[in-house]
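Inside the fold
Listed here are the chains, written in short residue letters.
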Amino acid sequence: MNTCKCSKAEFGRERSETLSAQPEGTGLVTIEHEPIIGETPQATLQSWLTPNPLFYIRNHYSIPESVSQWELALDGNVDNALSLTLTDFRSFPIQTLPITLECAGNNRSDLEPQVPGNPFQNGAISTAIWAGVPLRHLLERAGISKGSVEVLFEGFDIGEPAPGEGTQPYLRSLPIDVATHPDTLLAYEMNGEPLSREHGYPIRLIVPGWYGMASVKWLRRISVLQEPFEGFFQTDRYIVEGDDGEPVPVAQMHVKSLISWPESNAQLSMQSHMINGMAWSGFAHIAKVEISDDGGETWHEADLVGPRYRYSWQQWHFAWSPKSAGHYTLVARATDEDGNTQPLETRWNSLGYIINGVRPVRVEVN
Ligand code: MTE
């Protein structure tokens, strides 16, 4: 069912001319001004759905200019190449899913020793209800030819990703089985509103369960490939060193939790308090969240509360009664239904990705 409340004209030229980039100071914690990079403020991490203006933004280049006659090309190793307009998109079946996106570099500022890259704290994560067309629907229409291994996605944004790399668009690929998964979306709505320019208007890819770099914004071209793609954002970045020293691509979000309340350095009264937070995993539902008030010596199970969906984070809370006044180190640890448990310490890596070790929150009870 089509859940969009906006008119078709809003997806055409009229709308793109009225959109402007989100002004600074609208509530995001600014990491960089140009390209715009901002994280969701700590207080907003308590709400299950992130309001659109507070959804974190991670851009590698400037936001591309609006395109008046947007068309998406689907080509490469297919039986019939397609060229699709927004009107075409709105005639296709729509799928609506709540999905949490986490930037692979979320919490990078926690790493010791520090690494270069955006110094995110814990706000490069947000959740929205995304609506769009399953990519699989379009790939079936085009017909994937024999010998295909990956699908490549190209954004309209372009720039030099690092000195000496040359000018190139944002390009990322997905294995065929992920691209054809029924929940992999070409999204055009976010929380019931058309995508904003910051988040990929008019159409972006949404890869549920994967770190955010896979969800290519401002799509202009989709190509089916016979060889694995190699490119800056695929094989030079978004990789970690494996045990054998070989590069391992960053893919699904590793199991993780955050404490939304209380904040670090909070002064609390000597009474019962409801500690709350979120937990998520790109691999499976969250099975449990445990809390420790002694820095990880002893653990107590929290209650999982609120909506429970496969690709969105899980809210939890824990009624905590401090035994006496003093300093406490609160930590939360999540486990998913595949048996993955959040590690006590992040595995350090030089590019600063997959930072999912437990994060101490120190409070004082008076
Ligand atoms: N798509 C394009 N075209 N250009 C980009 O720079 N950044 C990626 C991804 N898609 C990016 C992109 C990264 S690293 C992340 S974490 C997510 O978009 C962030 O999506 P958001 O800004 O909508 O939160």
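Residues numbered from 1 in each chain as written. Predicted model: local features only at pLDDT ≥ 70, side-chain atom pairs only at ≥ 80, totals over all residues. Heavy atoms only, no water.

1. Examining the sheet that holds strand 5 (residues 82-84)
Which entries qualify depends on this criterion: Between any two strands, pairing holds if DSSP finds at least two bridges. Here a helix means four or more residues in a row that DSSP labels H or I, a strand means two or more in a row labelled E, and each is numbered from the N terminus. Fitting a line to C-alpha atoms yields each axis, with helices limited to the stretch in contact; the angle taken between N-to-C directions then spans 0 to 180 degrees. Should any heavy atoms of two residues lie within 4.5 Å, those residues are counted as being in contact.
Read across the open sheet, the five strands follow the order 5-4-13-8-9; overall the sheet is mixed. Pairing within the sheet leaves two strands with one partner each, and these edge strands are strand 5 and strand 9 (168-175). With strand direction ignored, the average angle separating the axes of adjacent strands in the sheet is 20°. Relative to strand 13 (residues 219-225), strand 8 (residues 150-159) runs antiparallel, the two sharing six bridges. What sits directly across from Gly155, in strand 13, is Leu219. Along the sheet face, helix 3 (residues 135-142) touches strand 4 (72-76), strand 5, strand 8 and strand 13 and points at about 140° away from the line of strand 5.

2. Some words on the environment of Ile144
One can find Ile144 in the loop between helix 3 and strand 8. When the C-alpha positions of Ile144 and Val224 are compared, they lie 7.3 Å apart, and in sequence the two are 80 residues distant. In this view, Ile144 contacts Asn77, Leu139, Ile176, Thr180 and Val224; residues no more than four positions away in its chain are not counted.

3. Observations concerning unusual backbone geometry
In this chain, Tyr201 is followed by Pro202 through a cis amide linkage whose omega measures 5°. Summarising the element assignment, Pro202 is placed in the loop between strand 11 (193-194) and strand 12 (204-206). Across the junction of Trp261 and Pro262, the peptide omega takes the value 0°, indicating a cis bond. Residue position: Pro262 is located in the loop between strand 16 (256-261) and strand 17 (267-268). One non-glycine residue, Asn107, lies in positive phi territory at about 70°.

4. Description of the environment of Lys217
Test applied: The buried label applies to any residue whose accessible area, calculated with a 1.4 Å probe on protein chains only, is under 20% of its type's maximum; exposed applies above 50%, and partly exposed to all values in between. Each polar contact in these results corresponds to two N or O atoms within 3.5 Å; when the atoms are within protein, one needs to be able to donate a hydrogen and the other to accept it, and residues that are neighboring in sequence are counted only if both atoms are side-chain atoms.
Positionally, Lys217 belongs in the loop between strand 12 and strand 13. Judged by its relative accessible area of 10%, Lys217 falls in the buried class. Considering only alpha carbons, one finds Lys217 and Arg204, 13 residues apart in sequence, at a separation of 4.3 Å. Contact partners of Lys217, with chain neighbours within four places excluded, come to Ile57, Arg58, Asn59, Gly155, Phe156, Glu198, His199, Gly200, Ile203 and Arg204. A distance of 2.9 Å separates a polar atom in the side chain of Lys217 from the backbone oxygen of Glu198.

5. Regarding the pairing of strand 7 (residues 125-134)
Counting buried residues along strand 7, nine of its ten residues qualify, which places the element largely inside the surrounding structure. Relative to strand 7, strand 6 (residues 95-102) is paired through eight bridges, and the arrangement is antiparallel. If you follow Gln95 over to strand 7, its bridge partner there is Gly132. Inspection of the sheet shows strand 7 paired to strand 10 (residues 185-190) by five bridges, in the antiparallel sense.

6. Things to note about the nonpolar core
Counted only if it meets this: Among buried residues, those of type Ala, Val, Leu, Ile, Met, Phe, Trp, Tyr and Cys that are joined through side-chain atoms within 4.5 Å constitute a nonpolar core.
Ranked by size, the top nonpolar core spans 60 residues in total, and within it Phe89 and Leu186 carry the most contacts. Core analysis: the second largest hydrophobic core is formed by 20 residues, Val255, Ile259, Ile275 and Ala302 among them.

7. Let's talk about the site of the ligand
Rule in force here: Whether a residue is near a molecule or strand depends on its heavy atoms: if one lies within 4 Å, it is near. The accessible surface values rely on the Shrake-Rupley method and a 1.4 Å probe; as for residues, cover is taken only from the protein chains in view. In the scheme used here, Gly and all other residues not listed as nonpolar or charged are polar, with Ala, Val, Leu, Ile, Met, Phe, Trp, Tyr, Cys and Pro taken as nonpolar and Asp, Glu, Lys and Arg as charged.
Lining the immediate environment of the ligand, one finds 18 residues, of which Tyr56, Asp157, His199, Arg204 and Lys217 sit closest. Tyr56 places a polar main-chain atom, nitrogen or oxygen, 2.6 Å from an oxygen atom of the ligand. Arg58 is positioned with one of its backbone polar atoms (N or O) 3.0 Å from an oxygen atom of the ligand. About the coverage of the ligand: the protein hides 100% of its 530 Å² of free accessible area. Classifying every residue of the shell around the ligand gives nine nonpolar, five polar and four charged.

8. So, helix 3
For clarity, the cut-off: To be clear, the arc concerns the directions from the helix axis to the C-beta atoms.
For helix 3, the set of buried residues is Leu135, Leu138, Leu139 and Ala142. Around the axis of helix 3, the buried residues are gathered within 100° of arc, so they sit on the same side. Phi for Gly143, located one or two positions after helix 3, is positive at around 80°.

9. Side note on the sheet that holds strand 3 (residues 57-58)
The strand order across the open sheet built from three strands is 1-2-3, with neighbouring strands paired in antiparallel fashion. Sheet topology places strand 1 (29-32) and strand 3 at the edges, where each strand pairs with a single neighbour. Sheet analysis places strand 1 next to strand 2 (residues 37-39), joined by three bridges and oriented antiparallel. In the sheet register, Val29 faces strand 2, and the bridge partner there is Glu39.

10. Topic: the pattern of salt bridges
Heads up, the rule is: In what follows, salt bridge is the name for a side-chain nitrogen of Lys or Arg lying within 4 Å of a carboxyl oxygen of Asp or Glu.
Scanning the entire structure with this criterion turns up eight salt bridges. A salt bridge links Lys256 to Glu102; the nearest nitrogen and oxygen atoms lie 2.7 Å apart. Of the two residues, Lys256 sits in strand 16 while Glu102 sits in strand 6, which places them 154 residues apart along the sequence. We note that Lys256, like Glu102, is buried.

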